[in-house]
Amino acid sequence: MPQCQEPVELFSADKLHARVRELAVEINADYAPESSLHLAAVLKGGFVFLVDLMRALARPATIDFVAMKSYGSETCSQYIPRMVKDLEEEITGRDVLVVEDIVDTGQTLSRLLEKLSERNPRSLRTVALLNKPSRRLVSLELDYVGFTIDNQFVVGYGLDYAERYRHLPYIGLLEPLPQTE
Ligand code: IMP
């Protein structure tokens, strides 16, 4: 059995909820009251953030899910992510907000935005709960960011390490990374 290391709390559940509420206010102000927002969450990590954000938005929003997988070599951090689960709904002519847990090198989100923009949404914006700009390998503009962090590995609030820790209500730091076997 793998050992379960206790993460060091970085953002408490209260702090996360407060920041999500602030993001929701910001997002609401940027969209016309009559526009119907379509939230496209990136699985798996983005699902907890999506649920809290959706409930904090003072407007009805529709939701959908997409999943990307990265294939690359262990020695090279550059890769071309592939879509392994597409959105179920058409997005042409809609106001789409991509909901991402964390942006690291930026390759996943950049590839996803490329694919989605080909479908001609009316608008395509991004909200990331966490951003690690020091790790960026591609140029990427994020519309809304919850917290900017250093080059640290974080878990909790939907984020995992080897499929563990997603259930934690807070975001915590894993240092050093645990062994999986
Ligand atoms: P990117 O393509 O390098 O931006 O990778 C983004 C994806 O890597 C995220 O959606 C996460 O699944 C994963 N990831 C990157 N950094 C972390 C982290 O600190 N904790 C957990 N997952 C991470």
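Scroll up to find the structure.
Residues numbered from 1 in each chain as written. Predicted model: local features only at pLDDT ≥ 70, side-chain atom pairs only at ≥ 80, totals over all residues. Heavy atoms only, no water.

A. View of the pattern of salt bridges. One pass over the structure, following the stated rule, counts eleven salt bridges. Its salt-bridge partner being Glu22, residue Arg19 comes within 2.7 Å of it at the nearest N-O pair. Taken together, the residues Arg19 and Glu22, both in helix H1 (residues 13-30) and three residues apart, mark about one turn of the helix. Note on Glu22: relative accessible area 46%, which makes it partly exposed. Where Glu163 meets Lys44, a salt bridge forms, and the shortest distance between an N and an O atom there is 3.2 Å. (Salt bridge = Lys/Arg side-chain N within 4 Å of Asp/Glu carboxyl O. Helix = DSSP H or I, 4+ residues; strand = E, 2+ residues; numbered from the N terminus. Buried < 20%, exposed > 50% of the residue type's maximum accessible area, 1.4 Å probe, protein only.)

B. Focus on helix H2 (residues 47-56). Within H2, burial applies to Val48, Phe49, Leu50, Asp52 and Leu53. Turning to H2, the residues buried within the fold contact H1, strand E2 (37-43), strand E3 (61-69), strand E5 (95-103) and strand E6 (123-131). (Contact = heavy atoms within 4.5 Å.)

C. Representation of the packing of aromatic side chains in the model. In total, this model carries two aromatic pairs according to the counting rule given. On the numbers, 4.0 Å between centres and 20° between planes, the contact of Phe11 with Phe147 is stacked. Separated by 136 residues along the polypeptide, Phe11 in strand E1 (residues 8-11) and Phe147 in strand E7 (residues 144-148) bring together distant segments of the chain. Of the two residues, Phe11 and Phe147, neither departs from the other in class, the shared state being buried. Ring geometry for Phe153 against Tyr161: centres 5.7 Å apart, planes inclined by 85°, an arrangement best described as edge-to-face. (Phe/Tyr/Trp six-rings, centres within 6.5 Å; stacked < 30°, edge-to-face > 60°.)

D. Region of interest: the site of the ligand. Around the ligand there are 16 residues in total, and Tyr79, Thr105, Gly106, Thr108 and Val154 lie nearest to it. In the environment of the ligand, an oxygen atom lies 3.2 Å from a nitrogen or oxygen atom belonging to the side chain of Asp101. Relative to its unbound accessible area of 490 Å², the ligand is 83% covered by the protein chains. Ranked by the residues each element gives to the shell around the ligand, the list is headed by E5, at four residues. In terms of residue class, the shell around the ligand is made up of six nonpolar, five polar and five charged. (Near = heavy atom within 4 Å. Polar contact = N/O pair within 3.5 Å; in protein donor to acceptor, adjacent residues only side chain to side chain. Areas by Shrake-Rupley, 256 points an atom, 1.4 Å probe, with all protein chains shown as cover. Nonpolar A, V, L, I, M, F, W, Y, C, P; charged D, E, K, R; others polar.)

E. Examining the pairing of E2 more closely. Counting buried positions along E2 gives six out of seven residues, so the element sits mostly inside the fold. As paired elements, E2 and E5 share five bridges and run parallel to each other. Residue Ala40 lies in a different strand from E5, and its bridge partner there is Val98. (Pairing = 2+ DSSP bridges.)

F. Inspection of a negative patch on the surface at higher detail. A contiguous patch of negative charge on the surface is contributed by Glu26, Asp30, Glu141 and Asp143. Assignment of secondary structure puts Asp143 in the loop between E6 and E7. (Patch = residues over 30% accessible without salt bridge, like charges linked within 9 Å, V, L, I, M, F, W, Y side chains within 5 Å. Lys, Arg positive; Asp, Glu negative; His and termini not counted. Charge placed at Lys NZ, Arg CZ, Asp CG, Glu CD.)

G. Spatial organisation of the sheet that holds E6. Reading across from one edge, E4-E3-E2-E5-E6-E7 is the order of the six strands in this open sheet, with mixed pairing throughout. Unpaired on one side and paired on the other, strand E4 (82-85) and E7 mark the two borders of the sheet. Direction aside, the axes of adjacent strands within the sheet are offset by 30° on average. The strands touched by helix H3 (residues 107-117) within the sheet are E2, E3, E4, E5 and E6, with E5 carrying the most contacts at an inclination of about 165°. (Axes fitted to C-alpha atoms, helices over the stretch in contact; angles between N-to-C directions.)

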